[in-house]
Every structure is written in structure tokens, then in C-alpha cells.
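This is what each chain is made of:
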Amino acid sequence: MTRRATPADQPKKMLDRSWHLARTPQEMDVAEIEYALIRCFEAFGHWQAECLASVADFAASGPENALLHMIRMNDRPKSVRDLAHMANRQDVPNIQYSLRKLIKGGLVVRSGSGRSGVTYETTEFGRDVCDRYADVRADLLIDPVTRLPDLAERLQDAARTLDTMTGIYEQAARNAATHRHRPR
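Residues numbered from 1 in each chain as written. Predicted model: local features only at pLDDT ≥ 70, side-chain atom pairs only at ≥ 80, totals over all residues. Heavy atoms only, no water.

Here we look at the state of the cysteines
For step 1, the next point in the chain: This model, assessed by the stated rule, comprises zero disulfides.
For step 2, the next point in the chain: For the unlinked cysteine Cys 40, the closest cysteine sulfur is that of Cys 51, found at 15 Å.
For step 3, the next point in the chain: For Cys 130, which is in no disulfide, the shortest distance to another cysteine sulfur is to Cys 51 and amounts to 10 Å. (Disulfide = S-S within 2.5 Å.)

Written as C-alpha cells, this is what we have:
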């Protein structure tokens with residue numbers, strides 16, 4: 001009599017990592033980092049919104065929060081062009097919308113006139129909000145991060161890898177734009 005195979009007798013299957021963007025091991029590695037970036041970006045946005053909400057009665061998206069802190073960076077005024085360049089963004093109308101929202105919230109002030117003379121800087125209230133945000137960030141994010149062994153080195157490696165990938169994505173985007181098919 002032949003013994004019937006049971007689930008315990010069958011080899012354990014690995015997780016199915018294949019999908020339409022990941023047909024080879026290299027494609028799988030890139031797809032996994034892309035998927036991780038998407039999840040991390042969303043988690044970072046949630047974190048930014050909650051951290052800001054804990055120090056100010058102001059609802060902001062992740063990109064708006066990032067703009068606020070970029071404007072505050074080095075405590076010097078920034079133009080829309082500066083902000084777009086710093087954030088690696090091309091969507092100037094969306095940046096301008098976010099700036100209007102930050103101005104309306106009393107966090108940022110606009111100075112100057114004309115195309116090249118307009119700059120943005122944080123108000124006294126905006127600086128206070130940024131400082132309180134930094135305090136909450138230190139308590140809730142940085143403190144736990146410092147407790148993880150070797151994380152500082154891993155974060156430096158991750159930052160270098162992300163900078164490298166940014167350059168690769170930018171070049172690939174230029175190539176895709178150059179070789180774009182005409183609509184039919």
C-alpha cells in the first residue's frame with residue numbers, strides 16, 4: 001500500500017515574489033525596493049502629519065510639511081525654484097498651492113515681487129512650530145532610532161543608495177521621455 005503524501009511531507013514553498021514588474025532576480029530586487037519606497041513614503045507622510053498635528057492646529061500633507069521644513073532650513077528665504085530644486089519636484093503649481101496654504105496658516109510669509117524676486121520664509125509662529133516639531137521628532141523618532149545597534153551606519157548606506165537610485169530614476173525618466181511613443 002502506498003502512503004499518501006501529507007502537507008508536512010511536501011517541501012515548503014518560498015514566498016511568491018514574482019509579478020509583472022519582476023521577471024528576473026534583478027527585477028525582483030528593484031521591484032522590492034520600489035514597493036518598500038512606496039510603503040515608506042506613505043508611512044513617512046502619516047508620521048509627518050501626526051507629528052505636526054501634535055504641535056499645531058494645522059492639517060498638512062507630507063509634501064506641505066516637507067516644504068515648511070525646507071523653507072526653515074538654514075533660516076534663509078527660498079524661492080519657488082529653490083524649493084522645487086531641493087525637493088526634486090517639477091509641479092510648480094502644486095508647490096504654489098502648498099505655499100498659499102502655509103501662508104494662510106500663518107507659518108510662512110511671502111516677500112518680494114516679480115518672477116525672480118519672490119521668496120518665502122517662516123514666520124515667528126512657523127519657526128516655533130518647526131522647533132516644537134523637532135522636539136517631538138527627537139522624543140518619538142530619534143530616541144528609538146538611536147537605540148538600534150548599527151542603525152546610524154545602515155541609515156547612511158540607505159541614504160547613499162537612495163541618492164544613487166534618484167540619479168538612475170532621473171536618467172531613466174529622461175530616456176523614457178526621449179523615446180516616448182506618439183499617441184495613435
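Structure's up, so let's keep going.
Some remarks on a nonpolar patch on the surface
For step 1, the next point in the chain: Together, Val 30, Ile 33, Leu 37, Leu 162 and Tyr 169 give the surface a local cluster of nonpolar side chains, amounting to about 350 Å² of exposed area.
For step 2, the next point in the chain: Sorting the residues of the nonpolar patch by element identifies α1 (25-55) and α7 (151-178) as the ones contributing at least two each.
For step 3, the next point in the chain: For the nonpolar patch, the element with the most residues is α1, which contributes three residues.
For step 4, the next point in the chain: Here Ile 33 is to be found in helix α1. (Patch = residues over 30% accessible without salt bridge, like charges linked within 9 Å, V, L, I, M, F, W, Y side chains within 5 Å. Areas by Shrake-Rupley, 256 points an atom, 1.4 Å probe, with all protein chains shown as cover. Salt bridge = Lys/Arg side-chain N within 4 Å of Asp/Glu carboxyl O. Helix = DSSP H or I, 4+ residues; strand = E, 2+ residues; numbered from the N terminus.)

Side note on the side chain of Gln 48
For step 1, the next point in the chain: In this fold, Gln 48 is placed in helix α1.
For step 2, the next point in the chain: In contact with Gln 48, not counting residues within four places along its chain, are Gly 62, Asn 65, Ala 66 and Tyr 133. (Contact = heavy atoms within 4.5 Å.)

Digging into the packing of helix α2 (residues 62-72) against helix α3 (residues 80-87)
For step 1, the next point in the chain: Taken N-terminus to C-terminus, the directions of α2 and α3 make an angle of 115 degrees; their axes are 11 Å apart at the nearest point. Classified by the interaxial angle, the pair formed by α2 and α3 is roughly perpendicular. In the crossing of α2 with α3, the sense of the turn from one axis to the other is right-handed. Contacts from Leu 67, Met 70 and Ile 71 of α2 reach α3 at Leu 83, Met 86 and Ala 87. (Axes fitted to C-alpha atoms, helices over the stretch in contact; angles between N-to-C directions. Parallel < 35°, antiparallel > 145°, perpendicular 65-115°, else oblique. Left-handed = near helix turned anticlockwise from the far one by under 90°.)

Points about the pattern of salt bridges
For step 1, the next point in the chain: For the structure shown, the criterion picks out eight salt bridges.
For step 2, the next point in the chain: The residue Asp 91 makes a salt bridge to Arg 89 at a minimum N-O spacing of 2.8 Å.
For step 3, the next point in the chain: By relative accessible area, which is 21% here, Arg 89 ends up partly exposed.
For step 4, the next point in the chain: Across the pair Arg 147 and Asp 143 runs a salt bridge, and its minimum N-O distance is 2.3 Å.
For step 5, the next point in the chain: Through salt bridges with shared partners, a single ionic network connects Arg 72, Asp 75 and Asp 131. (Buried < 20%, exposed > 50% of the residue type's maximum accessible area, 1.4 Å probe, protein only.)

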